[in-house]
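# Geometric and topological summary
Each chain is listed here by its residues.
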Amino acid sequence: MAEGDKATLIVHSGDFDKVYSALIIGTGALSMGMEVSMYFTFWGLERLKKNELDKGPLSRMNFLGLGKWMMKKKLKKSNVREMDKLLEDFNELGGKILACDMTMEIMGVKKEDLREEVITDYCAVGTYIKEAKESDVTLFI
Amino acid sequence: MTKSNRVDVLGETCPVPLVETRKAVRKSSPGDIIEVIGNHPESKEEIPMAVEELGLELLGIEEEGGQWKIRIKIPEED
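Residues numbered from 1 in each chain as written. Chains lettered and ligands numbered in written order. Predicted model: local features only at pLDDT ≥ 70, side-chain atom pairs only at ≥ 80, totals over all residues. Heavy atoms only, no water.

### Here's the deal with the overall build of chain B
Operational definition: Secondary structure elements are taken from DSSP: a helix is a run of H or I of four residues or more, a strand is a run of E of two residues or more, and numbering for both begins at the N terminus. Here the radius of gyration uses the C-alpha set of atoms, whereas the globule reference equals 2.2 Å times the residue count to the power 0.38. Three exposure classes are used, based on accessible area relative to the maximum for each residue type with a 1.4 Å probe and protein chains only: buried under 20%, partly exposed in between, and exposed over 50%. Residue exposure ignores everything except the shown protein chains as possible cover, and the areas themselves are Shrake-Rupley values with a 1.4 Å probe. When charges are counted, Lys and Arg contribute as positive and Asp and Glu as negative, whereas His and the chain ends are disregarded. A charge is said to be at NZ when it belongs to Lys, at CZ for Arg, at CG for Asp and at CD for Glu.
Scanning chain B for helices and strands turns up 2 helices and 4 strands. If you list the helices and strands of chain B from N to C, you get β-α-β-α-β-β. On C-alpha atoms alone, chain B measures out to a radius of gyration of 12 Å, which is about the 12 Å that the 2.2 N^0.38 rule sets for 78 residues. Overall, the C-alpha framework of chain B stretches about 35 × 20 × 15 Å when taken along its three principal axes. Split into buried and exposed, the 78 residues of chain B put 47% on the buried side. Carbon and sulfur atoms provide 44% of the accessible area of chain B, an area that totals close to 4,300 Å². In chain B, which carries 10 positive and 17 negative side-chain charges, the distance between the mean positions of the two groups comes to 6 Å.

### Some remarks on a nonpolar patch on the surface
Residue and element names in this part refer to chain A. Stated formally: Like-charged residues within 9 Å of one another, or nonpolar side chains (Val, Leu, Ile, Met, Phe, Trp, Tyr) within 5 Å, are grouped into patches, provided each residue has over 30% relative accessible area and no salt bridge. Salt bridge, as applied in this entry: a Lys or Arg side-chain nitrogen positioned within 4 Å of an Asp or Glu carboxyl oxygen.
Taken together, F42, W43, M102, I106 and M107 make up a surface patch of nonpolar side chains, about 520 Å² in accessible area. Mapped onto the secondary structure, M102 falls in helix 5 (residues 101–107). The class for M102 is partly exposed, based on a relative accessible area of 46%.

### Brief notes about the interface of chain A and chain B
Many analyses report the size of an interface as the accessible area lost when the parts associate. Here is the rule we go by: In what follows, residue pairs with any heavy atoms lying within 4.5 Å of each other are defined as contacts. We call two N or O atoms a polar contact when they sit within 3.5 Å, provided that within protein one can donate a hydrogen and the other can accept it, with sequence-adjacent residues counted only if both atoms are side-chain atoms. The residue classification treats Ala, Val, Leu, Ile, Met, Phe, Trp, Tyr, Cys and Pro as nonpolar and Asp, Glu, Lys and Arg as charged. All others, Gly included, are polar.
Counting residues at the interface gives 18 residues for chain A and 17 residues for chain B. If you look at where chain A meets chain B, you find 4 salt bridges. Ionic pairing is found between E92 of chain A and K27 of chain B, a salt bridge with its closest N-O pair at 3.9 Å. For the interface between chain A and chain B, the tally reads 9 residue pairs in polar contact (both at pLDDT 80 or more). Those elements that provide at least two residues to the side of chain A that touches chain B are helix 1 (16–31) and helix 4 (83–92) of chain A. Here the element with the most residues in the side of chain A that touches chain B is helix 1 of chain A; it accounts for 5 residues. Classifying every residue of the side of chain A that touches chain B by side-chain character gives 7 nonpolar, 7 polar and 4 charged.

### Here's the deal with empty space enclosed by the protein
To be explicit about the condition: Only protein atoms enter the 1 Å grid used here. Points where a 1.4 Å probe fits but cannot escape make up a cavity, open sets with protein on both sides within 12 Å along at least five of seven lines make up a pocket, and a residue lines them when an atom lies within 4 Å of a point. Grid points are joined across faces, edges and corners, and a volume is the space filled by probe spheres set on the points.
Overall, the coordinates contain 1 cavity of 30 Å³ or more when judged by the stated rule. Here the largest cavity defines a volume of roughly 50 Å³. Around the largest cavity, the lining residues are S31 of chain A together with L18, T21, R22, V25, I47, A50, V51, L54, L56 and I72 of chain B. If you list the elements that add at least two residues to the lining of the largest cavity, you get helix 1 (16–27) and helix 2 (41–53) of chain B. Here the lining of the largest cavity takes 4 residues from helix 1 of chain B, the largest share from any one element. A breakdown of the residues in the lining of the largest cavity according to their chemical character gives 8 nonpolar, 2 polar and 1 charged.

### Describing the pairing of strand 1 (residues 6–11) of chain A
Residue and element names in this part refer to chain A. The criterion, for reference: When DSSP locates at least two bridges between a pair of strands, those strands are taken to pair.
Of all 6 residues in strand 1, 6 are buried; the element is thus mostly enclosed. Summarising the sheet, strand 1 and strand 2 (residues 35–40) pair through 6 bridges and their orientation is parallel. Along strand 2, the bridge assignment pairs V11 with F40. Here strand 1 runs beside strand 5 (residues 137–140); their pairing, made up of 4 bridges, is parallel. Looking across to strand 5, one finds that I10 is bridged to F140.

### Quick word on the sheet that holds strand 1 of chain A
Residue and element names in this part refer to chain A. Defined as follows: Lines fitted to C-alpha atoms define the axes, with helix axes restricted to the stretch in contact, and inter-axis angles between N-to-C directions lie between 0 and 180 degrees.
Spatially, 5 strands are ordered 4-3-2-1-5 in an open sheet, and the strand pairing comes out parallel. Of all strands in the sheet, those bounded by a partner on one side alone are strand 4 (121–123) and strand 5. Across the sheet, the mean angle separating the axes of adjacent strands is 20° when strand polarity is ignored. Its contacts with the sheet put helix 1 on strand 1, strand 2 and strand 5, and the angle it makes with strand 1 is roughly 170°. On the sheet, helix 4 packs against strand 2 and strand 3 (96–100) and is oriented at approximately 110° with respect to strand 3.

Dropping the structure here:
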């Protein structure tokens, strides 16, 4: 194993399927022995609000929620692990969740609005860039 | 004393078999053996690859009736 293999993901989208992908890729990278951080900004930050993790719309074919409902049925049928549990796994395996300070300021989001217990740190773009510079894998979701 | 750890991921799909294997590896000590039992075909290919990436030893893969068993050894410390 190459020590210090890092993966950094920016979760910019708040869409249900995109956040799901981010969590699956994040836990996958951790499972492969990488160090992983996910930086939640803009719409992604909304998903870190209490009880909001799986509340985003489907990125395509949402059809006012009908598309999402159908997608959720398919996910359940394939026995895909629920998002909240994946986030738990992510934290258990040592992944870092970073919340964007600036997004909080712009959108008027306070720390109390967020799930503080899952957030590793609050930071700005410089921290993301520092993580990204040291990473072998950087993804914008 | 080495431990034998059993990871049951029967019925679980990607990424769960990989994730649960990783959790078991983290909780193990050098010399321990981990047995992962599942039935998701893609994970049967993925887990041996992860074993290599993580620098662990693949002891063997058995398959019977759609179920696979992958045996992994945590290397002893030098």
